[in-house]
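# Geometric and topological summary
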Amino acid sequence: MRIRLFTPNDIPAIATIVREALRENYPTSLYLDIHRWWREGFLVADRDGHPVGFLAAVINADGHARILMFAVSAPFRRQGIGRLVMDAFVQACGLRGIRRIELEVRVSNDEAIRFYKRYGFELAGMLPKFYTDGEDGYKMVRHL
Ligand code: ACO
């Protein structure tokens, strides 16, 4: 397993993970925009040349990192791949002098919330009807 930077060739595989794991369908341009904004914040878990997980983040106006998407393909979960990706991302944040990471997560997403809590994220507020289907979100924050 290798954690490496995203390249545009990864888009079809990443889009499949996004459809299956995050139930979203984004245009190719979104991935290219995120890549352009912060290359070191778009990481891929690569197994034998195939992306099996990824994390995509941006730096917001306050200089904080915001994780937009984070997922591991279902057959590869609970094997420590999420941890490897998150560790590499925290390292990338450190190199940029970033002191705070933020994200939003569905209130029903127990697995991800447990993962984030294990990695030092704290609940930082409720976001009513944050998702297009009407579900509430939690804001979570980790200080570095
Ligand atoms: N054997 C058994 N358990 C293990 C092993 C192992 N070898 N290695 C790790 N684990 C456990 C960990 O201890 C952890 O346990 P916990 O959930 O009780 O804390 C659990 O497996 C997950 O840890 P990892 O394996 O490092 O993480 P994983 O690769 O499963 O990825 C992720 C975590 C990304 C949240 C995954 O569950 C996922 O893709 N979920 C669906 C998509 C999703 O909800 N993404 C987040 C949305 S929010 C956003 O995108 C901003």
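To start, this report covers the structure provided alongside it. Predicted, not measured: the structure shown is a model, and the values here were computed from it.

Once that is clear, we can look at the environment of Glu 102. Relative to the assigned elements, Glu 102 resides in strand 5 (residues 100-106). Taking the C-alpha atoms as reference points, Glu 102 and Val 18, 84 residues apart in sequence, are found 20 Å from one another. The residues contacting Glu 102, other than those within four sequence positions of it, are Asn 60, His 64, Ala 65, Arg 66, Ile 67, Lys 139, Met 140 and Val 141. Within the structure, Glu 102 has its side chain in polar contact with the side chain of His 64 (distance 3.4 Å). Within the structure, Glu 102 has its side chain in polar contact with the side chain of Arg 100 (distance 2.9 Å).

Turning next to the site of the ligand. For the ligand, the set of nearby residues contains 23 residues, the closest of which are Phe 70, Gly 80, Gly 82, Asn 109 and Arg 118. With respect to the ligand, the backbone of Phe 70 contributes an N or O atom lying 2.7 Å from a nitrogen atom. The contact in question runs from an oxygen atom of the ligand to an N or O atom on the backbone of Val 72, over 2.8 Å. For the ligand, the accessible surface in isolation is 1000 Å², of which the surrounding protein chains cover 79%. A molecule is said to occupy a pocket when more than half its atoms come within 2 Å of that pocket's grid points, and by this definition the ligand occupies the largest pocket. Taken together, the elements giving at least two residues each to the shell around the ligand come down to helix 1 (11-22), strand 4 (65-72), helix 3 (81-95) and helix 4 (110-118). Taken together, the residues that form the shell around the ligand break down as twelve nonpolar, four polar and seven charged.

Criteria and thresholds
Residues numbered from 1 in each chain as written. Predicted model: local features only at pLDDT ≥ 70, side-chain atom pairs only at ≥ 80, totals over all residues. Heavy atoms only, no water. Helix = DSSP H or I, 4+ residues; strand = E, 2+ residues; numbered from the N terminus. Contact = heavy atoms within 4.5 Å. Polar contact = N/O pair within 3.5 Å; in protein donor to acceptor, adjacent residues only side chain to side chain. Near = heavy atom within 4 Å. Areas by Shrake-Rupley, 256 points an atom, 1.4 Å probe, with all protein chains shown as cover. 1 Å grid on protein atoms, 1.4 Å probe; cavity = no way out; pocket = protein on both sides within 12 Å on 5 of 7 lines; lining within 4 Å. Sits in = over half its atoms within 2 Å of the grid points. Nonpolar A, V, L, I, M, F, W, Y, C, P; charged D, E, K, R; others polar.

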